[in-house]
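Below are the chains, spelled out letter by letter.
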Protein chains: 2
Amino acid sequence: MTKALISSYKQLLEKTKNITTLHSAAAILHWDMETMMPPKGIKMRSLQLAMLSRIGHKMSTAPEIGRLLQETINHPDYSSLDLVHKRNLYLIKKSYDEQTKLPEELVVETSKQQAITINMWKKAKATKDFAKFKPELEKLFELKKQAAEILMQVKETATPYDALVDIFEPKMSSEAISKVFKKLREGLVLLLKKCETAQKQPDTSILERPVPVEPQQKIGKLLAEFIGYDVTSGESGGRIDETEHPFTTGYYDDVRITTHYYPHRFASSIFSILHEGGHAIYEQNLKPEWMFQPVGDACSMGFHESQSRFVENIIGRSHEFWTYFLPALKKLTGNVLSDVTVDDFVHAINHVQSSKIRVEADEVTYGLHVIIRFNLEQDLFADKISIDELPQVWNKNYNKYLGVTIKDDSEGVMQDTHWASGLYGYFPSYALGNIYSGQLLACMDTQLQGWRDQIARGEFGTVKQWLNGNVHRHGNLYSPPELIKTITGKELSVKPFIDYLNNKYSQLYQF
Amino acid sequence: MTKALISSYKQLLEKTKNITTLHSAAAILHWDMETMMPPKGIKMRSLQLAMLSRIGHKMSTAPEIGRLLQETINHPDYSSLDLVHKRNLYLIKKSYDEQTKLPEELVVETSKQQAITINMWKKAKATKDFAKFKPELEKLFELKKQAAEILMQVKETATPYDALVDIFEPKMSSEAISKVFKKLREGLVLLLKKCETAQKQPDTSILERPVPVEPQQKIGKLLAEFIGYDVTSGESGGRIDETEHPFTTGYYDDVRITTHYYPHRFASSIFSILHEGGHAIYEQNLKPEWMFQPVGDACSMGFHESQSRFVENIIGRSHEFWTYFLPALKKLTGNVLSDVTVDDFVHAINHVQSSKIRVEADEVTYGLHVIIRFNLEQDLFADKISIDELPQVWNKNYNKYLGVTIKDDSEGVMQDTHWASGLYGYFPSYALGNIYSGQLLACMDTQLQGWRDQIARGEFGTVKQWLNGNVHRHGNLYSPPELIKTITGKELSVKPFIDYLNNKYSQLYQF
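Residues numbered from 1 in each chain as written. Chains lettered and ligands numbered in written order. Predicted model: local features only at pLDDT ≥ 70, side-chain atom pairs only at ≥ 80, totals over all residues. Heavy atoms only, no water.

J.: Describe the overall build of chain A, listing the residues and the values that go with them.
T.: Along its length, chain A carries 20 helices and 3 strands. Since a compact globule built from 511 residues should have a radius of gyration of about 24 Å, the 23 Å found for chain A is in line with a globular shape. On the principal axes, the C-alpha backbone points of chain A span a range of 70 × 55 × 45 Å. Here chain A holds 511 residues, and the buried ones make up 58% of them. Across chain A, every contact between residues at least 6 apart in sequence was considered, and the portion connecting residues at least 24 apart equals 74%. Accessible surface for chain A amounts to roughly 20,700 Å². Of this, 52% is attributable to carbon and sulfur atoms. Averaging the coordinates of the 60 positive side-chain charges in chain A and doing the same for the 63 negative ones gives two points 1 Å apart. (Helix = DSSP H or I, 4+ residues; strand = E, 2+ residues; numbered from the N terminus. Rg over C-alpha atoms; globule rule 2.2 N^0.38 Å. Buried < 20%, exposed > 50% of the residue type's maximum accessible area, 1.4 Å probe, protein only. Contact = heavy atoms within 4.5 Å. Areas by Shrake-Rupley, 256 points an atom, 1.4 Å probe, with all protein chains shown as cover. Lys, Arg positive; Asp, Glu negative; His and termini not counted. Charge placed at Lys NZ, Arg CZ, Asp CG, Glu CD.)

Right, dumping it as structure tokens:
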């Protein structure tokens, strides 16, 4: 590499570092808004966030970045750069090309409208009043559609919707997703029928036994420690705070998760902490030397979900984990679970049942919730349905796919925050995460002998190391399709996930 | 007003709004750093804060502001503007003139060095090691000195130190402060002697009786409610969090205070909540229609301290307040204070004693702590003493003014965070706050009959309204000397404060 090439590259990284620093500041303001802020602070907070998004957009589209990109990518010695350099340049160029096409006013307007729409969603959900929510949702949808149409040109995707999917799952098209979702649906529907008609059914009433908040908090800390998300001491001192909708935020040295505690649904906080903890250990174990570089980010939302759902479901809902953890749970909850066996507990937490709420769905039906949303998003962006028709189409599809009758829009189309937050194209990542997690499990099974016995002994260290080395440390060096190939040697495939489910649930339900 | 003049004025206000919004975002990041952030997050946080200070400086010095100022101030119709318009323009011009003279690198370097110096101060204070702290303090002092010398030119103050004082207490010179501090000192020293030699002395051991953290938190919430800082419900939902050094932050709709809970010094959290609560109700009751305008800020740090010390001392350490509140305190602390009378309690919390630590000092000696610091700051900036000599001069003066012997620098020169935070010129505001509070009290006494009886009945509403109307709602419409004149009709005067103290302490100590 020549000096000039190195110099331009380093200048680009410095600019990226500034952009990342600004985004990390905005993430703290978002976290504070959800966890700490007095309600009245919302007006000032939306101004602060809109301002940071304006500044961020200005920084991301600075002509200086374009000039430096030209100097590096067209440099005669470009080919002498290594994989990391080239990936960084690719990601910087991708972001620059996309951001420069988005008008600043559209970016700022979207940021403002997001804050308004989320606020209205909270109120409308509480009062089951979609009509109140609709006008704000329509405004936000129109803004996202404008962005999608612009990004479609830059990204050269088949549809505007594909351009949004690419934000969360780069290099994945809705066509490719449709194909794998078709297979996923077939597998899930078959399995759902088997579970629902099985003789053996779990007693889920044990999960409704009362457990006060305080022991739940202690259980949460134990779980966090188990997976290696340090909440008790030390420099990293990750946080667990309370929000209605659990989430993870942060980057490298400052990662934070949230959960909720329901006294009559103690399992809810257990699995939300395992889920968010799976996200958290991904962020905490990115490669330190790549911090602030594009390559130092996580790979995609799908891979993020693969990690959260791996920890929540493949580990956290396994017989082995509860062999180890049930005694501790019994102790911390007093006498409330003393008569419960591991078998009964594990079956109860893996109860398969058609239901209305995605975040509470079991592993088998979860994918069907996602597929409904994916199809609706495609239809919305293809103008086949309107925001106005959304509730009725939602209810129809829930009846068709899951056989449930939606009573009101709060348990229907308004259950998720995503559309109110402008996150269109995000949902497929959840199901892709499940699919990746199945492939990762199959791969780990061949490489890590005896890992199930370790979990049963309460040791997560080896599994965590495997995830660290095979997923986390790769950061954003590869696109999702490349990463799954790099790790497993195979293309995206639904089979391992369906095999895992069949194997697990045939044992639980004895079919 | 012509259209052009209105348009330029509105554009200026819009720019000010953006600057204020950015500062309010930085304030949340500072608050999070002190209350919530995992320790490891400090590196990323200092990058975020340095970046916001760089952006803030760029925004404050945009040539566009200079151009708009010219257009408005030199406009033929300028004289047709009202008081609020003119004050806004004056404050925008003052900030612009000052900020544009400060080089961006000096601003950013100072922001970085502040984070480093505070961090080092914390470590050095814990290990009582001034030598460790000294090099970083010297660097920060040099940067502040550079700024002071630049600002002295713009502000046309008599000394560089005066230019720093003007940041916290506009229109106050160190010469004027010296004059009032001389009188203050005379009054305080005389009173101190009377208290120390009085026959009747309080039993302060009752304040060392153990009270666990949980009842202290409940007491704190009651106190906050009493003064009208709503922490329990409602939209404003102000916060009370825990930090070693209590502070208040925020603006209008999002104001937050912190406190600390010591199980063997329960009075500490009581008075820090009243003190910070006094700051908080100032910020929460600024004029809503002036939000984001320069005129919508608080008047000065001195006036801020007048409010915090009014609530903490004049109300919170009064016989009337404890007539009302002691029964509640007894109830919440179990049996621990059941034998204590109002008289004994009020005398104990008003114990006058020469001491080493400013933040724990009583009303009489407090001013002496401040005068020591004010004199040292003057000498530092006049090169009469060096940072190196600071500890020995500190110890000498504490012996001379307060008759105490400092054992180590942690209870000496390193006790306060101000110099480590680059806050030179801030200390005088504390004593000025006391002086203002005396004048406000004298004025309120003539205007608000029976207010003491109301406090004894647990009603703070009328006093709060008086403070709202006479202090808070004026925002930054007047400079401190103008504001005290506007409210009381009198110039700055030490007498009312000394009279208040004499009256109060002659009753308590029976001299």
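J.: I'd love a proper account of helix α12 (residues 319–332) of chain A, names of residues and values included.
T.: All names here are of chain A. With 14 residues, α12 should cover 20 Å at 1.5 Å per step; its first-to-last C-alpha distance of 20 Å lies within 8% of that length. Along its length, α12 shows its largest kink, about 45°, at F325, and proline P327 lies within four residues downstream of that point. Within the span of α12, buried status applies to F321, W322, F325, L326 and L329. Buried residues along α12 sit against α9 (213–227), α10 (266–284), α11 (301–315), α13 (342–349) and α17 (451–456). (Expected span 1.5 Å × (residues − 1). Bend = angle between axes of the 7 residues up to and from the residue.)

J.: Could you give me a rundown of a negative patch on the surface, with the residues and numbers involved?
T.: Residues and elements named next belong to chain A. On the surface, a cluster of negative charge is made up of D203, E208, D343 and D344. Its location among the elements puts D343 in helix α13. Judged by its relative accessible area of 48%, D343 is partly exposed. (Patch = residues over 30% accessible without salt bridge, like charges linked within 9 Å, V, L, I, M, F, W, Y side chains within 5 Å. Salt bridge = Lys/Arg side-chain N within 4 Å of Asp/Glu carboxyl O.)

J.: Explain the domain arrangement of chain A to me, and be specific about the residues and the numbers.
T.: Bring the parts together and some accessible area is lost; that lost area is often taken as the interface size. Residue and element names in this part refer to chain A. What the domain assignment lists for chain A is domain 1 (3–170) and domain 2 (176–509). Each of domain 1 and domain 2 has a C-alpha centre, and these two points are 26 Å apart. The three residues of domain 1 that bury the most area against domain 2 are W31, Y161 and F168, which together make up 18% of that side's buried surface. The interface formed by domain 1 and domain 2 includes 3 salt bridges. Measuring nitrogen to oxygen at the nearest pair gives 2.6 Å for the salt bridge that ties K145 to D383. Scanning the region where domain 1 abuts domain 2 turns up 18 residue pairs in polar contact (both at pLDDT 80 or more). The set of elements that each furnish at least two residues to the side of domain 1 that touches domain 2 consists of α1 (3–35), α4 (83–101), α5 (104–126), α6 (130–155) and α7 (160–168). With 11 residues, the single largest contributor to the side of domain 1 that touches domain 2 is α1. (Domains from an automatic or database assignment. Buried area = accessible area lost by both parts, 1.4 Å probe. Polar contact = N/O pair within 3.5 Å; in protein donor to acceptor, adjacent residues only side chain to side chain.)

J.: Describe empty space enclosed by the protein, with residues and values.
T.: For the coordinates displayed, the defined rule picks out 3 cavities of 30 Å³ or more. Taken together, 14 residues form the lining of the largest cavity, with F133(A), V413(A), M414(A), D416(A) and W419(A) sitting closest to its centre. Mapped by element, the contributors of at least two residues to the lining of the largest cavity are α6 and α15 (390–402) of chain A. With 3 residues, α6(A) is the single largest residue contributor to the lining of the largest cavity. For the lining of the largest cavity, the class distribution of residues is 11 nonpolar, 1 polar and 2 charged. Looking at the lining of the largest cavity, you find at least three residues from each of domain 1 (3–170) and domain 2 (176–509) of chain A. There is about 40 Å³ of room inside the second largest cavity. Lining the second largest cavity we find R373(B), W394(B), G412(B), V413(B), Q415(B), D416(B), W419(B) and F427(B). Of the residues that constitute the lining of the second largest cavity, the class distribution is 4 nonpolar, 2 polar and 2 charged. (1 Å grid on protein atoms, 1.4 Å probe; cavity = no way out; pocket = protein on both sides within 12 Å on 5 of 7 lines; lining within 4 Å. Points joined across faces, edges and corners; volume = space filled by probe spheres on them. Nonpolar A, V, L, I, M, F, W, Y, C, P; charged D, E, K, R; others polar.)

J.: Summarise the sheet that holds strand β2 (residues 248–251) of chain B; cite the residues concerned and give the values.
T.: Residue and element names in this part refer to chain B. Pairing within the open sheet is mixed, and its 3 strands lie in the order β1-β3-β2. Either end of the sheet is taken by a strand with one partner, and the two such strands are β1 (239–242) and β2. With strand direction ignored, the average angle separating the axes of adjacent strands in the sheet is 20°. Of the pairings in the sheet, the one linking β1 to strand β3 (residues 254–259) comprises 4 bridges and is parallel in character. Residue E242 lies in a different strand from β3, and its bridge partner there is T259. (Pairing = 2+ DSSP bridges. Axes fitted to C-alpha atoms, helices over the stretch in contact; angles between N-to-C directions.)

J.: Any details on the pairing of strand β3 (residues 254–259) of chain A? Residues and values, ideally.
T.: All names here are of chain A. Taking burial as the measure, the 6 residues of β3 include 6 buried ones, the bulk of the element. The alternating pattern of β3 places D254, R256 and T258 and V255, I257 and T259 on opposite faces, both of which are buried. Summarising the sheet, strand β2 (residues 248–251) and β3 pair through 4 bridges and their orientation is antiparallel. Bridge assignment links Y251 to a residue of β3, and that residue is D254. Counting the residues between successive antiparallel strands, the hairpin from β2 to β3 contains 2 residues, one of them, Y252, with a positive phi of roughly 50°.

J.: Can you tell me about the interface of chain A and chain B, naming the residues and giving the values?
T.: Counting from both sides, the interface comprises 36 residues of chain A and, opposite them, 36 residues of chain B. Among the residues of chain A in contact with chain B, K40(A), M44(A) and M51(A) are the three that bury the most area, contributing 20% of the side total. For the pair chain A and chain B, the number of links is 6 salt bridges. Between R45(A) and D254(B) there is a salt bridge, with its nearest N and O atoms 3.5 Å apart. Across the contact surface, chain A and chain B share 6 residue pairs in polar contact (both at pLDDT 80 or more).

J.: Would you mind going over the environment of P294(A) in detail, with residue names and values included?
T.: With respect to the helices, strands and loops of the structure, P294(A) is situated in the loop between α10 and α11. With 281 residues separating them in the primary sequence, P294(A) and L13(A) have C-alpha atoms 8.4 Å apart.

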